[in-house]
Amino acid sequence: MRKVIFTPEAPAPLHNLYSQGIKAEGPLLYTAGQVGMAPDTGKLVEGGVQAQTRQALKNVKAIVEAAGSDMAKVVKVTVLLDSIDDFGAMNEVYKTFFAESPPARTAYEVARLPIGALVEIEAIAAIG
């Protein structure tokens, strides 16, 4: 069993080819990768990798909360970066969302991200 999680507080999926989040049977939520797209404009926020990281994590947070959980229950995060040189700048923002007991995390540099994004972040969170 699975339940699609949708919130207007995060950008709608592009072309309806994925869900913002899936709550699996049992106590886990899997979010789709979130870029720094503002849900109200459908465009990437300006201000570079830090601004996009902040927005991407706000989007993740909105999905996690829509599923009835919170950021303290995120157990795993994957961060995709357009350039690994942005790792430090991304971390400065990231640590403000996970100040205590941060989740397990993996970060990669990738060749390209959707819509020219500088960062994409996905999460797995416990529910309940």
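Below: a short report on this structure.

Rules used throughout
Residues numbered from 1 in each chain as written. Predicted model: local features only at pLDDT ≥ 70, side-chain atom pairs only at ≥ 80, totals over all residues. Heavy atoms only, no water. Helix = DSSP H or I, 4+ residues; strand = E, 2+ residues; numbered from the N terminus. Rg over C-alpha atoms; globule rule 2.2 N^0.38 Å. Buried < 20%, exposed > 50% of the residue type's maximum accessible area, 1.4 Å probe, protein only. Contact = heavy atoms within 4.5 Å. Areas by Shrake-Rupley, 256 points an atom, 1.4 Å probe, with all protein chains shown as cover. Lys, Arg positive; Asp, Glu negative; His and termini not counted. Charge placed at Lys NZ, Arg CZ, Asp CG, Glu CD. Salt bridge = Lys/Arg side-chain N within 4 Å of Asp/Glu carboxyl O.

Regarding the overall build of the chain
- Looking only at helices and strands, one finds two helices and seven strands in the chain.
- A compact globule built from 128 residues would reach a C-alpha radius of gyration of about 14 Å, and the chain, at 14 Å, matches this within 12%.
- Structurally, the chain occupies a C-alpha span of about 40 × 35 × 25 Å along its principal axes.
- Counting every position in the chain, which comprises 128 residues, the buried fraction comes to 41%.
- Contacts spanning at least 24 positions in sequence make up 67% of the contacts within the chain whose residues lie at least 6 apart.
- Carbon and sulfur atoms provide 53% of the accessible area of the chain, an area that totals close to 6900 Å².
- Between the mean site of the 12 positive side-chain charges and the mean site of the 14 negative ones, the chain shows a separation of 5 Å.

Focus on the pattern of salt bridges
- Scanning all chains against the criterion turns up two salt bridges.
- Ionic pairing is found between Glu65 and Lys61, a salt bridge with its closest N-O pair at 3.1 Å. Here Glu65 and its partner Lys61 are both found in helix H1 (residues 48–66), four residues apart, which amounts to about one turn of the helix.
- Classification of Glu65 as partly exposed rests on a relative accessible area of 41%.

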